[in-house]
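Fold and contact review
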Amino acid sequence: MVEPQTTDRSAKAALLPAPTEVDAPFWAGLHEGELRLQRCTACQFYQYPPETFCYECGSTALEWKVANGLGTVYSFITVHQRYHAAFVDDLPYNVSIVELDEGPRILSNVIGMPSESVTVGMRVQASPRPLTEEQSALYFERAEG
Ligand SMILES: [Zn+2]
């Protein structure tokens, strides 16, 4: 079997998020350039990923709030190995856990700089990017200042 050596566009399309009733506002927000998080109106806890109840107190009184988009790199790796045909052209790429100012940690990529320049503790800013005409994904870039 011959492995594809370039990005397989159909492979990338197969990886597009499939929003559910619970997380649709998150994905819609990204496509509008906003990072939206669920917040519990009972205990004010912000959470990610979206759920039908509060992870902290169990309340189902959740609302969507626009996050400030800022966070700190909690941990990261640089991927050098080809694990999926969809990401061959992106190698090497960064996979980071970003701790948002609101509290939740989110798995994403820090882009716009060489992966080896990313550091734990670096301040980053959400930077949603379109994947298709209907969907966007969350990336982060180094925060200004
Ligand atoms: Zn709560």
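This write-up is about the structure you can find in this document.

Here is what the cut-offs are and how they apply
Residues numbered from 1 in each chain as written. Predicted model: local features only at pLDDT ≥ 70, side-chain atom pairs only at ≥ 80, totals over all residues. Helix = DSSP H or I, 4+ residues; strand = E, 2+ residues; numbered from the N terminus. Buried ≥ 20, exposed ≤ 12 C-beta atoms within 10 Å, placed from the backbone. Contact = placed C-beta atoms within 7 Å. Pairing = 2+ DSSP bridges. Core = buried A, V, L, I, M, F, W, Y, C linked by C-beta atoms within 7 Å. Axes fitted to C-alpha atoms, helices over the stretch in contact; angles between N-to-C directions.

**Section: the overall build of the chain**
In terms of helices and strands, the chain carries two helices and ten strands. Secondary structure elements of the chain occur, N-terminal to C-terminal, as α-α-β-β-β-β-β-β-β-β-β-β. With the C-alpha coordinates of the chain rotated into their principal frame, the extents come out at 55 × 35 × 25 Å. Looking at the 145 residues of the chain, the share that counts as buried comes to 19%. In the chain, once contacts between residues fewer than 6 apart in sequence are set aside, the share between residues at least 24 apart is 52%.

**A short note on the sheet that holds strand 3 (residues 62–66)**
Reading across from one edge, 2-1-3 is the order of the three strands in this open sheet, with antiparallel pairing throughout. The open sheet is flanked by strand 2 (46–47) and strand 3, the only strands paired with a single partner.

**With respect to unusual backbone geometry**
With an omega of 0 degrees, the peptide bond between Tyr48 and Pro49 qualifies as cis. By the secondary structure assignment, Pro49 is in the loop between strand 2 and strand 3. Of note, the amide linkage connecting Leu91 to Pro92 takes the cis form, showing an omega dihedral of -15 degrees. With respect to the secondary-structure elements, Pro92 resides in the loop between strand 4 (70–79) and strand 5 (93–100). Backbone geometry at Gln44 places phi at a positive 70 degrees, although glycine is not the residue there. With 11 C-beta atoms counted inside 10 Å, the residue Gln44 sits in the exposed group.

**A closer look at the pairing of strand 1 (residues 36–40)**
For a regular strand, side chains alternate in direction, first toward one face of the sheet and then toward the other. For strand 1, the buried fraction is high: four of the five residues fall into the buried class. Bridge analysis of strand 1 against strand 3 gives five bridges, and the strand direction is antiparallel. Across the sheet, Arg39 pairs through a bridge with Glu63, a residue of strand 3. Pairing analysis gives two bridges linking strand 1 to strand 2, with the strands arranged antiparallel. Looking across to strand 2, one finds that Gln38 is bridged to Gln47. Between strand 1 and strand 2, which pair antiparallel in sequence order, lie five residues; one of them, Gln44, sits at a positive phi of approximately 70 degrees.

**Here's the deal with the nonpolar core**
Counting residues in hydrophobic clusters, the biggest one holds 17 residues, and the most contacted among them are Leu35, Val73, Val98, Val110, Val124, Leu138 and Phe140. Breaking this core down by element, the ones donating at least two residues are helix 2 (24–31), strand 5 and strand 7 (123–126). In terms of residue count, the dominant contributor to this core is helix 2 (three residues). Sequence-distant contacts of Phe140, defined by excluding residues within four places in its chain, comprise Gly71, Ser96, Val98, Ser108, Val110, Val124, Gln125, Ala126 and Ser127.

**Overview of the sheet that holds strand 4**
Taken together, the five strands give an open sheet; going across it, the order is 6-5-4-7-10, and neighbouring strands pair in antiparallel fashion. Pairing within the sheet leaves two strands with one partner each, and these edge strands are strand 6 (105–108) and strand 10 (140–142). Strand-to-strand twist in this sheet, taken as the mean axis angle between neighbours without regard to direction, amounts to 40 degrees. With three bridges connecting them, strand 7 and strand 10 associate as antiparallel partners. Bridging from a neighbouring strand, Gln125 pairs with Glu141 of strand 10.

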